[in-house]
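The lines below spell out each chain.
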Amino acid sequence: MLKNALLTLLALAITIGGGGGSVWHALKTQDGIGAIRIGPWTAFPDIGTQAADPYSKARVAREGVLALGQAEGLSFVAERDSGGEQLKRQCAYEIEGGFPTARFWTLYATDQSLGVIETEKPRLAALQSYQVLRQPDNSVVISVGHRPAPGNWLLSDGSGRMYFVLTFYDTPIASSTGLSDITLPQILKVGCNA
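About the cut-offs
- Residues numbered from 1 in each chain as written.
- Predicted model: local features only at pLDDT ≥ 70, side-chain atom pairs only at ≥ 80, totals over all residues.
- Heavy atoms only, no water.
- Helix = DSSP H or I, 4+ residues; strand = E, 2+ residues; numbered from the N terminus.
- Buried < 20%, exposed > 50% of the residue type's maximum accessible area, 1.4 Å probe, protein only.
- Core = buried A, V, L, I, M, F, W, Y, C linked by side-chain atoms within 4.5 Å.
- Contact = heavy atoms within 4.5 Å.
- Pairing = 2+ DSSP bridges.
- Axes fitted to C-alpha atoms, helices over the stretch in contact; angles between N-to-C directions.
- pLDDT = per-residue confidence, 0-100.

Undergrad: Got a sec to walk through the environment of Asn-138? Specific residues and values, please.
TA: With respect to the helices and strands, Asn-138 occurs in the loop between β6 (126–128) and β7 (140–145). Assessed through its relative accessible area of 48%, Asn-138 is described here as partly exposed. Sequence separation of Asn-138 and Gly-98 is 40 residues, and the distance between their C-alpha atoms is 6.9 Å.

See the structure below:
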């Protein structure tokens, strides 16, 4: 009798623990149900709509973010560079390429909570489309690191994991038909401070 009770409790513990762990993993990862991947960038285009999957709704509820509606814009998150390596705050990167048509866009460096990195300096770890210098072909090159760089510079400070969040506001790519033929900038690692 006691053996059956212990086996039942063990089976319940494994089931509940495994189920809870798989849900936690599904909510924590940037790849998942409903995700669109373009190079190193991942977006969930249905996250602010009625068509959002249950995991996307749970992600929004857990993180307490205000999801953009389909007509408002679309956010992309990068947790790896274009070579597939995890982004690190102690490394320097270049984000280069063209940006899709949008009325306004923002780019900022974040920690795991997807909150802007605290730099302990008067400069934020964020840029927006009205303050960047553009190349003659309308592309943008942004240097990311803790040392100032000429041109466009995004400050990242500290050590540990880092993410980039690129949000487009009032853009045709927010509709599902606009995502099929867009390209997003590359994220190239320049070097690291070991």
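After presenting the structure, the write-up continues.
Undergrad: I'd love a proper account of the nonpolar core, names of residues and values included.
TA: Grouped together as the largest cluster of nonpolar side chains are 30 residues, with contacts concentrated most on Trp-41, Phe-76, Leu-107, Ile-142, Phe-164 and Leu-166. Once you skip the residues sitting within four places of it in the chain, Leu-107 turns out to touch Trp-41, Ile-95, Ala-125, Ala-126, Leu-127, Ile-142, Leu-154, Phe-164, Val-165 and Leu-166.

Undergrad: So, the sheet that holds strand β8 (residues 152–155): which residues are in play, and what are the values?
TA: Taken together, the 4 strands give an open sheet; going across it, the order is β8-β7-β4-β10, and neighbouring strands pair in mixed fashion. Bordering the open sheet on either side are β8 and β10 (186–192), each of which pairs with just one other strand. Averaged over all pairs of adjacent strands, the angle between strand axes in this sheet comes to 25 degrees, irrespective of strand direction. Judged from the 6 bridges that link them, strand β4 (residues 91–97) and β10 form a sheet pairing that is antiparallel. In the strand pairing of β10, Glu-96 is matched with Gln-186.

Undergrad: Account for the confidence of the model for the protein, with residues named and values stated.
TA: Looking at the protein as a whole, the pLDDT averages 80, with 77% of positions reaching at least 70. For the protein, the element scoring lowest by mean pLDDT is helix α2 (residues 54–63), at 67; β4 scores highest, at 94.

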